[in-house]
Amino acid sequence: METTTKANGAAESKISDKIPVAANPLAEDPTDIASNIKYHSQYSPHFSPVKFEVEQAYYAAAESVRDRLIQQWNETYLHYHKVDPKQTYYLSMEFLQGRALTNAIGNLDIQDAYASALNKLGHELEEITEQEKDMALGNGGLGRLASCFLDSMATLNLPAWGYGLRYRYGLFKQSISKAGQEEMAEDWLECLFIILQKFSPWEIVRHDVVFPVRFFGHVEILPTGSRKWVGGEVLQALAYDVPIPGYKTKNTNSLRLWEAKARAQDFNLFQFNDGQLQSAAELHARAQQICAVLYPGDATEEGKLLRLKQQFFLCSASLQDIIARFKERQVGTSAREWSEFPTKVAVQLNDTHPTLAIPELMRLLMDEEGLGWDEAWAVTSKTIAYTNHTVLPEALEKWSQVVMAKLLPRHMEIIEEIDKRFIAMIKSTRPDLESKISDICILDHNPNKPVVRMANLCVVSGHTVNGVAQLHSDILRAELFADYVSIWPTKFQNKTNGITPRRWLKFCSPELSQIITKWLKTDKWVTNLDLLVGLRELADNPELQAEWHSAKMANKKRLADYVLRVTGESIDPNSLFDIQVKRVHEYKRQLLNILGAVYRYKKLKEMSPEERKKTTPRTIMIGGKAFATYTNAKRIVKLVDDVGAVVNTDPEVNEYLKVVFVPNYNVSVAEVLIPGSELSQHISTAGMEASGTSNMKFALNGCLIIGTLDGANVEIREEVGEENFFLFGATADEVPKIRKDRENGLFKPDPRYEEAKQFIRSKAFGSYDYEPLLDSLEGDSGFGRGDYFLVGHDFPAYIDAQAKVDEAYKDQKRWIKMSILSTAGSGKFSSDRTISQYAKEIWNIDECRVP
């Protein structure tokens, strides 16, 4: 083995020796690109100069691509500065970017040139791209949506920036052991050879972009009557910029990430020399905590305080930067000109996490820029818009008033004043709503737990509130925000989510993309996804069906290889690949899925060998992270793994059923799983999933969906055709009555449901105590009981729908036609469409194309 490696290295060295070392930052010819890569390997060194192995080649290639991006980036920035358009600033606690190299060379349309260049240097592009770790800046759909939006903003040549935090260790890296899920710190900023140096080749640190962010302290009243927040601790926000290239356009926007730092003068040298080592660097340690981890555990007071610090740090640094950029483009900054701020700036809050942008913008305008309340409020309420992503009560953030007043005393004053003025407005203009003031005001003064209701603050202060799928927006209007709708009927909109077709079809499924381009006779679908509808009239064509089947099979084999590599489990590409990948949560009902798998296994065990041969072989794959403190979600992960351990080693059954938990689900894993899937489960309790975006990714890749009428499933079913969607389960408007009936003891469980639960209780899948998990499905009411998510109610309909899937899959000609029609109906779900709607209907911004 060692001899082979040395021989390969010598061969690479000989090939590489023929390539001159030269800086060619804008090279297009493969030989010139190879020279530029070689230049970076020697003159942007992160490694020993004698090596040019796979990881070194990745960093050198990334820096070579970055040269091109920086050129376009600079041109974009200068163009925006010259034209001075209105710009959008998208604030999000999460951005789930995925790998940048494949996306950048794809959007720049230089894949072939880089593949050839790396080949000249003795490397394969596929092997090089595998070296990149996903940026660990997000967790689920919220963060991935934000990243799709950034891609579309750049592709549509819109002047827009993303703002987030530069998390050092992400959420966590998931591994699966006999004990279940285990969490470790993400290591996305570490490379194999440089463990202590934290860097990514895609980010540029902006040492000249630094803003102070204060915590704690107190409010002083100045002789003029104005107020000033002073004292406390002050950290520094340092900017790191990540380039976001558009597809086949010069426009390259920015994702600006903030890192928390303390200054040298905050290091107490006297204490350090006196042996007080920890207290000497206390502020530096606290600065490191802010960007250490995404969503730190909040079961403790310290955890809650840290989360609130993170949110304010993002809001304060971003708004100071936005104001600095606005002033940079102004001639003078008199009060009169501040009225122009909303004509140049749109701020979008991605969920309630950045809500503190509202009081912070008010504070900056009043305390730092000298505006009065009315002027500052006019500017703020015309600038800020809010996207709601959930109707789950626990996800609608509420912060302790005591914690808020302690950490952000000036902001608490401002929130109190906004609330006071809102209540006065209701009393004077809507006396009919006086009885509801306690529900719709911002501050809940419950003596046991007084809180600030962040969603209420967003709705009262923002100029627009939007939901993310038609059903979700309808629920917001009719239920969650109904009283606000009666006050401001035009404030509420729907913006159905979308996904970027570049990453989620063109780049992750090249075989299928080439077939689509061939049959549509154009590749314009990549930026105009509605063109996919042209596949409908071709869906019966046997030649297209054969090519489609071949592309899907290539993706399935790639997925089978991946599963074998990461789990050691061998799966059959000829079986039906059935996949559910998403954050593990009881409302997403991975438990329903695994109970269905348990029932399927039990029935297979009861069959004769001849009967088994007539069934549809199926491989069920489940993946997703459970929050570290979410016990029942972690029990579900453990159950999936335990069921797989038994099923997959049962020689009677494992030819017809396998169950696999795919660990550490992230964007790069999704890029293998989604193209290889044939059936995807989107089975949340109706009315609880705001939208979902993985359902769109699966549908776009010709995967059929089994699902409830929830979130964007409703619209996907309308677009792909009811006959191409396996529907089951209660509808959103039926759910409250079903829960009420359950409370009144009227639920009659299906025998198949009882059978599946009893099989788990029989210890067929090991000795682990699943009673607490199964208990959540029992009883009629009570905390953690009463089957709140309707697993038992929907189980029989789910099993019946799965039987229809089995039957449909036996007719491969019909299945492939359904698959083609699924892709053909996915045009609506492009994030380009979503972002065009945001731009026109919420932000009021226009294209600003770099010439």
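Residues numbered from 1 in each chain as written. Predicted model: local features only at pLDDT ≥ 70, side-chain atom pairs only at ≥ 80, totals over all residues. Heavy atoms only, no water.

Right, let's get into the pattern of salt bridges. Inspection of every chain in the model, using the stated rule, returns 70 salt bridges. Here Lys436 and Asp483 are joined by a salt bridge, their closest N and O atoms 3.2 Å apart. A residue pair is termed long-range when its members are at least 10 positions apart, and Lys436 in the loop between helix H17 (409-429) and helix H18 (437-440) and Asp483 in helix H21 (residues 482-487) qualify at 47 residues. Taking relative accessible area as the criterion, Asp483 reaches 18% and is therefore assigned buried. For the salt bridge of Arg612 with Glu652, the shortest nitrogen-to-oxygen distance reads 3.9 Å. With a gap of 40 residues between them, Arg612 in helix H26 (residues 609-613) and Glu652 in the loop between helix H27 (631-647) and strand E19 (657-662) connect regions that are remote in the sequence. The class for Glu652 is partly exposed, based on a relative accessible area of 40%. Each member of the salt-bridge network shares a partner with another, and the members are Glu754, Lys757, Arg761, Glu771 and Glu778. (Salt bridge = Lys/Arg side-chain N within 4 Å of Asp/Glu carboxyl O. Helix = DSSP H or I, 4+ residues; strand = E, 2+ residues; numbered from the N terminus. Buried < 20%, exposed > 50% of the residue type's maximum accessible area, 1.4 Å probe, protein only.)

A few words on the packing of helix H24 (residues 542-567) against helix H35 (residues 812-824). Following both chains from N to C, one finds H24 and H35 inclined at 85°, their axes separated by 10 Å at the closest point. Overall, the two elements H24 and H35 adopt an arrangement that is roughly perpendicular. Only Gln812, Lys813, Ile816, Lys817, Ser819, Ile820 and Thr823 of H35 make contact with H24, whose side of the interface consists of Leu544, Gln545, Trp548 and His549. A class-by-class count of the residues in the contact of H24 with H35 yields 4 nonpolar, 5 polar and 2 charged. (Axes fitted to C-alpha atoms, helices over the stretch in contact; angles between N-to-C directions. Parallel < 35°, antiparallel > 145°, perpendicular 65-115°, else oblique. Contact = heavy atoms within 4.5 Å. Nonpolar A, V, L, I, M, F, W, Y, C, P; charged D, E, K, R; others polar.)

Counting 153 residues, the largest nonpolar core has Ile37, Trp202, Trp258, Phe313, Met404 and Trp843 as its most contacted members. Here this core gets 12 residues from one element, more than from any other, and that element is helix H11 (residues 301-328). Setting aside chain neighbours within four positions, we find Met404 in contact with Leu308, Leu356, Trp399, Pro409, Met412, Ile415, Val452 and Met454. (Core = buried A, V, L, I, M, F, W, Y, C linked by side-chain atoms within 4.5 Å.)

As summarised here, the arrangement of the 6 strands in space is E19-E18-E17-E20-E21-E22, forming an open sheet in which the pairing is parallel. The open sheet is flanked by E19 and strand E22 (725-727), the only strands paired with a single partner. The average angle at which neighbouring strand axes cross in this sheet is 20°, direction not considered. Direction of pairing for strand E21 (residues 704-707) relative to E22: parallel, over a ladder of 3 bridges. Looking at the pairing, Ile705 lines up with Phe725 of E22. The strands that helix H25 (residues 590-606) touches are strand E17 (576-581), strand E18 (618-623), E19 and strand E20 (679-682); relative to E19, the one it contacts most, it runs at about 155°. (Pairing = 2+ DSSP bridges.)

Examined against the element boundaries, Ser822 turns out to sit in helix H35. For Ser822, a relative accessible area of 2% translates into the label buried.

A few words on the sheet that holds strand E2 (residues 160-165). In a beta sheet, neighbouring strands are held together by backbone hydrogen bonds and run either parallel or antiparallel to one another. With mixed pairing, 9 strands are arranged side by side in an open sheet as E5-E8-E9-E2-E1-E10-E11-E15-E16. Strands at the two margins of the open sheet, each flanked by one partner only, are strand E5 (204-215) and strand E16 (492-494). For this sheet the average axis-to-axis angle between neighbouring strands, irrespective of direction, equals 25°. In this sheet, strand E9 (residues 252-261) lies alongside strand E8 (residues 233-245) in antiparallel orientation, the contact comprising 10 bridges. Residue Ala237 lies in a different strand from E9, and its bridge partner there is Ala260. On top of the sheet, helix H15 (residues 373-383) reaches strand E10 (345-350) and strand E11 (384-387); it is set at about 40° to E11, its chief contact.

Turning next to the confidence of the model for the protein chain. The share of residues in the protein chain with pLDDT of 70 or more is 95%, and the mean pLDDT across the chain is 93. Note on residues 1-15: pLDDT is under 50 here. Beyond four places in sequence and across chains, it has 8 contacts. Low pLDDT, under 50, characterises residues 192-197; the predicted model gives this stretch 12 contacts beyond four residues in sequence or across chains. (pLDDT = per-residue confidence, 0-100.)

Okay, the environment of Gly498 next. Positionally, Gly498 belongs in the loop between E16 and helix H22 (501-507). For Gly498, a relative accessible area of 0% corresponds to the buried category. Along the primary structure Gly498 and Thr834 are separated by 336 residues, whereas in three dimensions their C-alpha atoms are 5.9 Å apart.

So, on to the pairing of E10. Here E10 lies mainly inside the structure; 6 of its 6 residues are buried. Burial along E10 is two-sided: Val345, Val347 and Leu349 and Ala346, Gln348 and Asn350, pointing in opposite directions, are all buried. With 5 bridges joining them, strand E1 (residues 87-91) and E10 adopt parallel strand pairing. Bridge pairing links Tyr90 to Gln348 in E10. Summarising the sheet, E10 and E11 pair through 4 bridges and their orientation is parallel. In the strand pairing of E11, Asn350 is matched with Thr387.

Moving on, we get to empty space enclosed by the protein. One pass over the full model with this rule turns up 7 cavities of 30 Å³ or more. Taken as a whole, the largest cavity encloses approximately 220 Å³ of empty space. If you trace the largest cavity, you find 18 residues lining it, with Gln97, Asn103, Ile244, Pro245 and Arg503 closest to the centre. Counting residues per element, the ones that place at least two in the lining of the largest cavity are helix H4 (101-107), helix H7 (141-155) and E8. Here the lining of the largest cavity gets 4 residues from one element, more than from any other, and that element is E8. Taken together, the residues that form the lining of the largest cavity break down as 9 nonpolar, 5 polar and 4 charged. (1 Å grid on protein atoms, 1.4 Å probe; cavity = no way out; pocket = protein on both sides within 12 Å on 5 of 7 lines; lining within 4 Å. Points joined across faces, edges and corners; volume = space filled by probe spheres on them.)

Right, let's get into the packing of aromatic side chains. The tally for this structure, following the rule as stated, stands at 31 aromatic pairs. Ring plane angle 80° and centroid distance 5.9 Å describe the contact between Tyr90 and Phe149, whose orientation is recorded as edge-to-face. Residue Tyr90 is located in strand E1, and its partner Phe149 is located in helix H7; the two are separated by 59 residues in the primary sequence. Since its relative accessible area comes to 0%, Tyr90 is described here as buried. Here the aromatic residues Tyr77, Tyr89, Trp161, Tyr163, Phe211 and Trp258 are joined through ring pairs into a cluster of three or more. A cation over a ring is seen here: Lys602 above Phe759, with NZ or CZ 5.9 Å from the ring centre. Lying across the ring of Trp504, Lys697 places its NZ or CZ 4.7 Å from the centre. (Phe/Tyr/Trp six-rings, centres within 6.5 Å; stacked < 30°, edge-to-face > 60°. Lys NZ or Arg CZ within 6 Å of the ring centre and 35° of its normal.)

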